[in-house]
Amino acid sequence: MSGSFPAVRPRRLRRTPALRRLVAETAVRPSQLVLPVFVREGATEPVPIASMPGVVQHSRDSLRKEVAQAVAAGLGGVMLFGVPEHKDAVGSGVEDPSGVLNVALADVAAEVGDELPVMSDLCLDEFTDHGHCGVLAADGSVDNDATLAAYGRAAVAQAAAGSAVVGPSGMMDGQVGVIRAALDAAGYPDTLVLAYAAKYASAFYGPFREAVGSSLRGDRRTYQQDGANRREALREVALDVDEGADMVMVKPALAYLDVLSDVRAAVDVPVAAYNVSGEYAMVAAAAANGWIDRDAAVLETLTAIRRAGADVILTYWALDAARLLTGGR
Ligand code: PBG
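Residues numbered from 1 in each chain as written. Predicted model: local features only at pLDDT ≥ 70, side-chain atom pairs only at ≥ 80, totals over all residues. Heavy atoms only, no water.

A. The site of the ligand, seen in detail. By nearness alone, 18 residues border the ligand, and D125, K199, R209, K251 and Y316 come closest of all. Measuring from an oxygen atom of the ligand, one finds a side-chain N or O atom of R209 at 2.6 Å. One of the side-chain N or O atoms of Q224 is found 2.8 Å from an oxygen atom in the ligand. For the ligand, whose unbound accessible area comes to 410 Å², protein coverage reaches 100%. Considered class by class, the residues forming the shell around the ligand number 8 nonpolar, 3 polar and 7 charged. (Near = heavy atom within 4 Å. Polar contact = N/O pair within 3.5 Å; in protein donor to acceptor, adjacent residues only side chain to side chain. Areas by Shrake-Rupley, 256 points an atom, 1.4 Å probe, with all protein chains shown as cover. Nonpolar A, V, L, I, M, F, W, Y, C, P; charged D, E, K, R; others polar.)

Here's what the structure looks like:
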């Protein structure tokens, strides 16, 4: 008789919330979440970003308040992006100590000290009038090695301003090694490098372009990875670890969870994933239409990214998620 009923019943483990909590394999903690923030030169008030409802370009003042909230919420860090008033062909604003990002880094570092790791996007694209992540050669292509020199100077400027973690996101060959050497030579051996190691050319960066007022025409397919390639990510990551990356990142997150899982298995350094602007915007748009339960979708997304192998998640939901995770609203 017993043959007609299953003796093995996995559902027993799911019967109550307490049992489910006991056997949950994956947890998301606020300390694992990093909040990306935008600071806009000359802004006196926060400026909403239409394609990212709930996210703003901060003024220097509102940025300081946001970062204080990140500390209070127990977040793992903040990642700063600058939106300059003026751009030029070589993106000189990124290495200028009075450039918007460096000024904001100094503000924020003064606000939080060592209480919260302050991170900075290390790239030229927000500062170049053509919108590319590097300087251009005469034929219009992105010049890898000329760009490396600019990244080295930018890293030192960011460290001097107070960045604890620089995040090179331009996908130039050799960028991590050059940045590490520049930081060491300038007396910043404790500044960390979070390498955007496996970064794919992605449609999911769309809203970010509005967030930083990007002037890019065309695409980044000669330097960012092709979404068709999985093995190649391991090669990129291995190079960055060899060059001295303290942490590596996979970006975007959701369409690349297989890559994230591979990377987690391949390296011993902490692995981050960037839950990007388009991933945020899709949930926001569906929720605004009443088509999806936003809070549930946020937690399910972050859990999935952790389950795939991320130690750290950069997410525009970081503050909201911290509230949800700690039971507050
Ligand atoms: C480059 C950079 C980008 C993002 C982070 N750093 C844009 C790009 O590579 O085109 C995208 C982040 C997002 O979409 O949330 N500085």
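B. Broad picture of unusual backbone geometry. Cis geometry marks the peptide bond from K251 to P252, where omega comes out at -10 degrees. Among the secondary structure elements, P252 is positioned in the loop between strand 8 (247-251) and helix 8 (257-266). Backbone geometry places M171, a non-glycine residue, at a positive phi of 60 degrees. Taking relative accessible area as the criterion, M171 reaches 7% and is therefore assigned buried. (Helix = DSSP H or I, 4+ residues; strand = E, 2+ residues; numbered from the N terminus. Buried < 20%, exposed > 50% of the residue type's maximum accessible area, 1.4 Å probe, protein only.)

C. Summary view of the pattern of salt bridges. Inspection of the entire model under this criterion finds 14 salt bridges. Salt-bridge contacts for D184 lead to R180; the nearest nitrogen and oxygen are separated by 2.9 Å. Here R180 and D184 lie together in helix 5 (residues 175-185), a separation of 4 residues that amounts to about one turn. Judged by relative accessible area, which is 40%, D184 ranks as partly exposed. For D295, the salt bridge is made with R294, and the minimal N-O distance between the two is 3.6 Å. In this structure R294 comes out as partly exposed when scored by relative accessible area, which is 25%. Linked by salt bridges that have partners in common, R60, D61, R64, K65 and D107 make up one network. (Salt bridge = Lys/Arg side-chain N within 4 Å of Asp/Glu carboxyl O.)

D. Seen up close, helix 10 (residues 294-308). The terminal C-alpha atoms of helix 10, which comprises 15 residues, lie 21 Å apart, in line with the 21 Å expected from a rise of 1.5 Å per residue. Within helix 10, the full set of buried residues consists of A297, V298, T301, L302, A304, I305, R306 and A308. The elements touched by buried residues of helix 10 are strand 1 (33-40), helix 8, strand 9 (271-275), helix 9 (277-288), strand 10 (312-315) and helix 11 (318-325). Between the side-chain oxygen of the N-cap and the backbone nitrogen of D295 there are 3.3 Å, and the N-cap of helix 10 in question is D293. (Expected span 1.5 Å × (residues − 1). Contact = heavy atoms within 4.5 Å.)

E. Summary view of the pairing of strand 5 (residues 118-122). Taking burial as the measure, the 5 residues of strand 5 include 5 buried ones, the bulk of the element. Covered by surrounding structure in strand 5 are V118, S120 and L122 together with M119 and D121, the residues of both alternating faces. In the sheet, strand 4 (residues 77-83) pairs with strand 5 via 3 bridges, with the strands oriented parallel. Among the inter-strand pairings, V78 is bridged to a residue of strand 5, identified as V118. In this sheet, strand 6 (residues 165-168) lies alongside strand 5 in parallel orientation, the contact comprising 4 bridges. When the sheet's bridge partners are listed, D121 is paired in strand 6 with G167. (Pairing = 2+ DSSP bridges.)

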